[in-house]
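# Overview (structure and organization)
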Amino acid sequence: QVQLVESGGGLVQAGGSRRLSCAASGIIASFNAMAWYRQAPGNQRELVARIIRGGSTNYADSVKGRFTISRDNAKNWVYLQMNNLKPEDTAVYYCNADLDTLNYWGKGTLVTVSS
C-alpha cells in the first residue's frame, strides 16, 4: 500500500508560479513511474506530467515549457513546478504512483488561477 499526500495548491494570479509537492510512503525510485494528473470541473482527469524510473519525463502539450516534474528519491517526494500559470490550469491536481500492476492516487490539491 502506497500513500500519497499532495500539498502546495492554492490561489494564484495568471502568469504566476506554484510548486506542488507529493510525499510518498514508498520508495519511489523502485516505482515504474510517478505522475501528476489534473481534473477540472466537468472534465475528465488528464495526465499533466510523468517521470519514469530512469528519469525520462513527458508532458501534456498544454503545459510543455511551463511545467516541470522532478523527484527527490532520497526523500520520496515528487514535485511539479508550474510557471506562467493560466486560468485554464485551474483544476484539482493529483499525484499518481505507477507500480506496473497497481496504481495509487493522492486525494488531490486544488489550484485556482485567477485572470
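Structure report, in brief.

## Side note on unusual backbone geometry
Here the phi dihedral of Asn 84 falls at roughly 50°; this positive angle occurs in a residue that is not glycine. With respect to the helices and strands, the residue Asn 84 is situated in the loop between strand 8 (77–82) and strand 9 (91–98). Positive phi, close to 70°, is recorded for Asp 100, a residue that is not glycine.

## A closer look at the pairing of strand 11 (residues 109–114)
The two faces of strand 11 differ: Thr 109, Val 111 and Val 113 on one face are buried, but Leu 110, Thr 112 and Ser 114 on the other face are not. Sheet topology note: the strand 2 (residues 10–13)/strand 11 ladder contains four bridges and is parallel. Considered in strand 11, the bridge of Gln 13 is made with Ser 114. Two strands pair when backbone bridges link them, and strand 9 and strand 11 are joined in this way by three bridges, in the antiparallel orientation. Each bridged residue has a counterpart across the sheet, and for Ala 91 the counterpart in strand 11 is Val 111.

## Digging into the side chain of Glu 6
Position of Glu 6 relative to the elements: it lies in strand 1 (residues 4–7). With no salt bridge to any partner, buried Glu 6 finds its closest opposite charge in Arg 45, at an N-O distance of 7.5 Å. A distance of 2.8 Å separates a polar atom in the side chain of Glu 6 from the backbone nitrogen of Cys 95. There is a polar contact of 2.9 Å between the side chain of Glu 6 and the backbone nitrogen of Gly 108. Beyond its immediate sequence surroundings of up to four residues, Glu 6 is in contact with Ser 21, Cys 22, Trp 36, Tyr 93, Tyr 94, Cys 95, Gly 106, Lys 107, Gly 108 and Thr 109.

## As for the state of the cysteines
Per the counting criterion, the structure on display carries one disulfide. What pairs with Cys 22 in a disulfide is Cys 95, and their sulfur atoms sit 2.1 Å apart. Between Cys 22 and Cys 95 the disulfide shows an S-S torsion of about -85°. By sign, it is left-handed. Taken as a pair, Cys 22 in strand 3 (residues 18–24) and Cys 95 in strand 9 lie far apart in primary sequence, 73 residues in all. With respect to class, Cys 22 is no different from Cys 95; both count as buried.

The rules behind the values
Per chain, residue numbering runs from 1 following the sequence as it is written. This being a predicted model, a pLDDT of at least 70 is required before a residue's local features are given, and a value of 80 or more before pairs of side-chain atoms are given or counted; all residues contribute to the totals for chains, interfaces and linings. Side-chain measures were taken over the full set of non-hydrogen atoms in the model, leaving aside hydrogen atoms and water. Labels follow the DSSP assignment, with helices taken as runs of H or I lasting at least four residues and strands as runs of E lasting at least two, numbered in each case from the N terminus. The buried label applies to any residue whose accessible area, calculated with a 1.4 Å probe on protein chains only, is under 20% of its type's maximum; exposed applies above 50%, and partly exposed to all values in between. Any two strands are treated as partners once DSSP identifies two or more bridges connecting them. Residues counted as positive are Lys and Arg, residues counted as negative are Asp and Glu, and His and the chain ends are not counted. Just to be clear on terms, a salt bridge is a Lys or Arg side-chain nitrogen sitting within 4 Å of an Asp or Glu carboxyl oxygen. In the analysis that follows, any N or O atom pair within 3.5 Å is treated as a polar contact, provided that within protein one partner can donate a hydrogen and the other can accept it, and provided that, for residues neighboring in sequence, both atoms belong to side chains. What makes two residues a contact is simply this: any of their non-hydrogen atoms within 4.5 Å. Note on disulfides: each one is a pair of cysteine sulfur atoms within 2.5 Å.

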